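What follows is each chain in one-letter form.
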Amino acid sequence: EEPNTFDGVPLLNNQKATFYNFKGDREAHDIDKLWDVFLAAMDHARAHSDESRTKLISCFDSAAQIRGVKWNLTMALFWIRPYEYLNLDGRSRWFITLPDKMPEWFIEQTGKLIQMPSGEEYLSLTQAAKEALQTSNYSYKNFPELSYQAWKVSQRVNEEKRTQQVQSQRNNIGEGLADRDVD
């Protein structure tokens, strides 16, 4: 099934969209490592074999060592196979650790996702997320829907924070430093 909208597609800063550094600032095989991980990801999405999993884990771990490649690697895997690979951009990492957004067992298994997972951890997390979405009663049932929901909720939370900040600034207008602590 192919997505029919761009809702929930994670975005990268344009300056980081290449996944590699300029010649002279990158290692000789960085580009090859990126191709390897994407080919292995497509193969694993098709085959789901132990051999394809092992290959993807190895390629993922290798590509994750490239300077400038971290969480964006999970975003790219999501871009090429959105129903197979979990996007772990900042919004999604925040969202999937909220108790009302994912099952407790998943959150306990996942942790806070502070450090980039290894390939093995990423595929285990992806599988656990699939199971959580399929067995729980959420309006989002797959990774594109999860990513979109994470975007919507984070937009709402950010807007609420901005509104509170503006209100707080309005409440403080006219308060001078000399007026503080004066009875």
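The model shown is predicted, which means the values in this text are computed figures rather than measured ones.

Re the overall build of the chain
Within the chain, the regular secondary structure consists of seven helices and zero strands. In the chain, the succession of helices and strands from N to C terminus is α-α-α-α-α-α-α. Expressed as a percentage of its 183 residues, the buried residues of the chain come to 39%. Carbon and sulfur atoms provide 48% of the accessible area of the chain, an area that totals close to 11,900 Å².

A closer look at helix α1 (residues 30–47)
Helix length check: α1, at 18 residues, gives a terminal C-alpha distance of 26 Å against a target of 26 Å (1.5 Å per residue), a fit within 8%. Within α1 the residues assigned to the buried category are D30, L34, V37, F38, A40, A41, H44 and A45. Along the long axis of α1, the arc covered by the buried residues comes to 160°, so they all point the same way. Exposed and facing more than 90 degrees away from the buried side of α1 are W35 and R46.

A closer look at the nonpolar core
The biggest cluster of nonpolar side chains holds 44 residues, and the ones touching the most others in it are L73, L86, I96, M102 and L146. Among the secondary structure elements, those contributing two or more residues to this core are α1, α2 (50–63), α3 (72–80), α5 (104–110), α6 (119–135) and α7 (143–172). Sort the elements by how many residues they give to this core and α6 lands first, with seven residues. Not counting residues up to four positions away in its chain, the partners in contact with L73 are F19, V37, F38, F60, A63, A64 and M116.

What about unusual backbone geometry?
With a phi close to 50°, H48 is a non-glycine residue in the positive phi region. Here H48 shows up in the loop between α1 and α2. For L113, which is not glycine, the phi torsion reads 55° and is therefore positive. Structurally, L113 is set in the loop between α5 and α6.

Structural notes on the pattern of salt bridges
Enumeration according to the criterion identifies six salt bridges in this entry. The shortest N-O distance in the salt bridge between R46 and D43 comes to 3.8 Å. Residue R46 and its partner D43 are both found in helix α1; the two are separated by three residues, about one turn of the helix. With a relative accessible area of 32%, D43 lands in the partly exposed category.

Quick notes on the side chain of K130
Tracing the chain through its elements places K130 in helix α6. The contact partners of K130, leaving out residues within four places of it in the chain, are H48, Y83, E84 and F143.

A closer look at α3
Taking burial as the measure, the nine residues of α3 include seven buried ones, the bulk of the element. When we look at burial in α3, the residues that qualify are N72, L73, T74, M75, A76, L77 and F78.

A look at the environment of M42
Structurally, the position occupied by M42 is in helix α1. Spatially, the C-alpha atoms of M42 and S52 are 9.4 Å apart, while their sequence positions differ by 10 residues. Setting aside anything within four residues of it in sequence, one finds M42 in contact with I80 and R81.

Examining the packing of aromatic side chains
The geometry of an aromatic ring pair is captured by the separation of the ring centres together with the interplanar angle, meaning the angle of the planes. A full pass over the atoms with the stated rule returns five aromatic pairs. Measuring from ring centre to ring centre gives 5.5 Å for F95 and Y140, while their planes differ by 65°; the resulting arrangement is edge-to-face. Placement of the pair is F95 in helix α4 (residues 90–95) and Y140 in the loop between α6 and α7, with a sequence separation of 45 residues. Here the two residues F95 and Y140 agree in accessibility, since each one is buried. Ring centres of W105 and F106 lie 6.1 Å apart, and the angle between their planes is 85°; this geometry places the pair in the edge-to-face category. W105 sits in the partly exposed class, given a relative accessible area of 37%. Ring pairing ties together the aromatic residues F95, Y138 and Y140, which thus form one cluster. Lying over the aromatic face of W71, R93 brings its terminal NZ or CZ to 3.9 Å of the ring centre.

What counts, and at which threshold
Residues numbered from 1 in each chain as written. Predicted model: local features only at pLDDT ≥ 70, side-chain atom pairs only at ≥ 80, totals over all residues. Heavy atoms only, no water. Helix = DSSP H or I, 4+ residues; strand = E, 2+ residues; numbered from the N terminus. Buried < 20%, exposed > 50% of the residue type's maximum accessible area, 1.4 Å probe, protein only. Areas by Shrake-Rupley, 256 points an atom, 1.4 Å probe, with all protein chains shown as cover. Expected span 1.5 Å × (residues − 1). Arc of directions from axis to C-beta. Core = buried A, V, L, I, M, F, W, Y, C linked by side-chain atoms within 4.5 Å. Contact = heavy atoms within 4.5 Å. Salt bridge = Lys/Arg side-chain N within 4 Å of Asp/Glu carboxyl O. Phe/Tyr/Trp six-rings, centres within 6.5 Å; stacked < 30°, edge-to-face > 60°. Lys NZ or Arg CZ within 6 Å of the ring centre and 35° of its normal.

Everything listed here is a matter of coordinates, which is why it stays silent on function.
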